[in-house]
Amino acid sequence: MFAQVVFPLPFRNSFTYSISIEHLEFVKVGVRVVVPFGKRTLTGFVVGVSETTDIEEKIKPIRDVLDDAPIFDKNSLKFYEWLSSYYISSLGEALRNSVPYGLEVESKRKIVSDMDICFELYKKERNKKSTRAKVLDILSQKDVIKISQLQKLVKKKSIHSILKTLEKNGAITLLTEIEDAKVHIKKVKYVKLSKSIDEIYEYLPEIEARSPKQVVLLLELLATKGEPIQMSQLLKKTNTNPSSLKSLFKKDLIDIFEKEIERRYIETYEEIKEELTLTGYQKEIVDNISEKISNKKFTTYLLHGITGSGKTQVYIELVNKAIEMGKSAIVLVPEISLTPQITSRFYNELGDHVTVMHSRMSLGERYDAWRGVIKGKYKVVIGPRSALFAPLKDIGLIVVDEEHDSSYKQYEIIPKYNARDAAIVKAQMSNCPVVLGSATPSIESMYNALSGKYELCELKERIDDAELPQVYLVDVTIEQKKKKMDGAFSKILLEKISDRIRKEESVIILQNRRGFATQIYCEDCGEIEMCDECSVSMVHHINRNILQCHYCGSTKPVPKACRHCGSLSLKFFGTGTQRVEDELQYYFPDVKIERVDSDSINKKGILGEILNRFRRGETNILVGTQIVAKGLDFANVTLVGVISAETTLWLPDFRADERTFQLLTQVSGRAGRSKIKGEVIIQTQNKNHFVLQKVLLNDYKGFYSNEIALREKNNYPPFTRLCLIESKNENEKNARGAIIDFFNILIKKKAGLIIHPPTPALIARIKGQYRFHLLVKSPKKTDPGGKLLRDAITESWIEYNQRSKFSDIRLTIDMDPQGIM
């Protein structure tokens, strides 16, 4: 028998391995196997099994099988095949999403260097800036280093020929070691009595004379009435040591055994369960969609409900219906920040049917949640985009909350999928409905709903007779002329905050920038303190008093003088969340203020604790980035302040207006979600801007009508499908040469495509790599499914890898990019 195996590597084809008799029973489509791959050992996915093969050369055998049961079936495999085909990646790269991080077994190559020889060779190098000299410099200081670490340090991947030469010269030795998976099943030792209670009591007098500690242990075990107890807990409770337990084990009075335990993620945020009655509109929507769940009928619903209209309760009711019918459900949320509240509400309603999956969980917690899903223990999975790949069986419903959010797009690894769009395809393959919910639907989703592709459901009123908040625009340029600005705050906003605090109500303040000051500027030479690795300014973080780049994470000390001209005239410009928090603490010294951004919630459970304090009224003002704009539902919030409306409005991106409208409308919706009417103060430098006027009027339809006309005029989605190709390299000429070569190949296959000439990316350099972009558009009138675009890109990519002198520079292909920066 033979198995076809794919790897999470950029190879389009599968590789054939023989199956030994010992593995025959376990090798099936959907299991992971450990196999030799060239000189390496890798973990791959079995995508086919056959009795014969056409391959004539020697076939290597599978070394090990990692799974007892398949982690995906043939139907799920079709979904991953679609994912790899549409987003132009290998099948193995797509299947990488089917397992949590840390489960792969692979070989890693290490270098053991003779530091003295390497130092002598380094001294002989004439060009100390050459790659060989850099390699020798590092190896003369480190006796053991991984090849991957060395590649990062010298910022070059192609160092293998240098290493082979050094190995021949006896300067280094190359070793290959198999690294086991980073995460395993957790087993804990338990203790229980091995004899009856009466027999144990008979032994007590005999033991008491010689070992009082053993008696203490036995009495504690007797108190459990025969139930096993964790060894570590028993020893801690009795203040005894393992040697006493060993003695009791030798006397055959106790059993010591290992038991598998689940590492379950505990959400720190808690809400009291409320008995809610659906409104007539909510019930109508639930009944309509429930019918499709029951009939196993695929339909895409766009649930357009204003903020506070009860969309979450609709999701809970629908998921409950799916479970009652014996089905499972996936609930996607765009940010980890949204999981505390929504998870708490689902737990309250559905109990142990629910699990979460997200990156704030430990590797063990994610692994155990994933295994629990495979075993059928959990029927509902909640989480950000990666939760879409949870191995649930018999899916009856998929929910995509805040479907407009750009964080559903995978930016970091290939394939660069959009979880919202992939959820629709998964629902279609699972014969179940999918619900896309938002108060500010994406332009594409609303267009699909109005054109009949999706079914539109609307919730036009807030629940409990709550009213939408009153929105005010404050022009900061006018306020500055009137001398009514105090730092980042207008006098109006400060007065409103003071009024709400006096009434013991809560306030949310949005500033969509982290840090304290966003730029350090020299008044004498005009230079801005830039990141050494990226084309962006460094941001001042006052809590650690450092400068940090928000793209590569590198840090610098805060300069006392200009690094360019030596001037002491340095100015700190721009306002981040730390400065907002600092100024508020100055204006309101007796008020409890907390900040929510990726700097302040980087520890596990912190966000839930902050939200608990805010819900209980222990925290009066919550300051944050866009995290505070999404999904938070607190009845006591009556005022929302926006420090600067322009943080996203001025970005040179075709979605900038849409994102600004969505962000401001969403954060406005946090206010007045109870009987007390809320207020929203938005500070801006251009109060007459079309987007801000539509936010002021809460006019989604008016905004949509204007935006859809602009999109059609300029050939942008939903009328055109986009593909963004990026080349990047530490050598600017190579990065430019690679993208130009690809452009010259692609232009010959034009096939009705609109191909823009290559340009430097708007942020030209990130993490020391120069970036160039090539934007390709394919009108949906002539290419409705995007096949012409995908075929042209794939064929050009293959030709580029075969013919270009820059083929060692890997191009990144982003189908349906969320931005073009």
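Residues numbered from 1 in each chain as written. Predicted model: local features only at pLDDT ≥ 70, side-chain atom pairs only at ≥ 80, totals over all residues. Heavy atoms only, no water.

## A few points about the overall build of the protein chain
- Along its length, the protein chain carries 26 helices and 36 strands.
- Relative to its length of 821 residues, the protein chain is compact, with a C-alpha radius of gyration of 30 Å against a globular reference of 28 Å.
- Each of the three principal axes of the protein chain carries a C-alpha extent, and together these read 90 × 75 × 65 Å.
- For the protein chain, buried positions account for 53% of its 821 residues.
- Of the roughly 38,400 Å² that the protein chain leaves accessible, carbon and sulfur atoms contribute 49%. (Helix = DSSP H or I, 4+ residues; strand = E, 2+ residues; numbered from the N terminus. Rg over C-alpha atoms; globule rule 2.2 N^0.38 Å. Buried < 20%, exposed > 50% of the residue type's maximum accessible area, 1.4 Å probe, protein only. Areas by Shrake-Rupley, 256 points an atom, 1.4 Å probe, with all protein chains shown as cover.)

## Digging into helix α4 (residues 115-124)
- Inspection of α4 places Cys118, Leu121 and Tyr122 among the buried residues, and these make up the whole buried set. Buried residues of α4, viewed axially, fall in a sector of 105 degrees; they line one side. Opposite the buried face of α4, at more than 90 degrees from it, the exposed residues are Asp116 and Lys124. (Arc of directions from axis to C-beta.)

## A short note on the pattern of salt bridges
- Overall, the coordinates contain 46 salt bridges when judged by the stated rule.
- Each of Glu260, Arg263, Asp368, Arg371 and Lys375 takes part in one network of salt bridges that share partners. (Salt bridge = Lys/Arg side-chain N within 4 Å of Asp/Glu carboxyl O.)

## Some remarks on the pairing of strand β12 (residues 300-305)
- Counted residue by residue, β12 has six buried out of six residues, so it is predominantly covered.
- Residues Thr300, Leu302 and His304 point to one face of β12 and Tyr301, Leu303 and Gly305 to the other, with burial holding for every one of them.
- Strand direction decides the pairing type here: β12 and strand β17 (residues 434-438), joined by five bridges, are parallel. When the bridges of β17 are listed, threonine 300 appears paired with valine 434.
- Relative to strand β18 (residues 455-459), β12 is paired through five bridges, and the arrangement is parallel. Within β18, the residue paired with glycine 305 across the bridge is leucine 459. (Pairing = 2+ DSSP bridges.)

## Topic: a positive patch on the surface
- A surface patch of positive charge is lined by Lys482, Lys484, Lys491 and Lys687.
- For lysine 482, the location among the structural elements is in the loop between α18 (476-481) and β20 (485-486). (Patch = residues over 30% accessible without salt bridge, like charges linked within 9 Å, V, L, I, M, F, W, Y side chains within 5 Å. Lys, Arg positive; Asp, Glu negative; His and termini not counted. Charge placed at Lys NZ, Arg CZ, Asp CG, Glu CD.)

## Notes on the nonpolar core
- With 143 residues, the main nonpolar core has Phe346, Leu397, Ile725, Val776 and Ile793 as its most contacted residues.
- The residues contacting phenylalanine 346, other than those within four sequence positions of it, are Tyr315, Ile316, Val319, Val331, Gly351, Val354 and Ile382.
- Cys118, Ala133, Leu163 and Leu166 belong to the second-largest nonpolar core, a separate cluster that totals 20 residues. (Core = buried A, V, L, I, M, F, W, Y, C linked by side-chain atoms within 4.5 Å. Contact = heavy atoms within 4.5 Å.)

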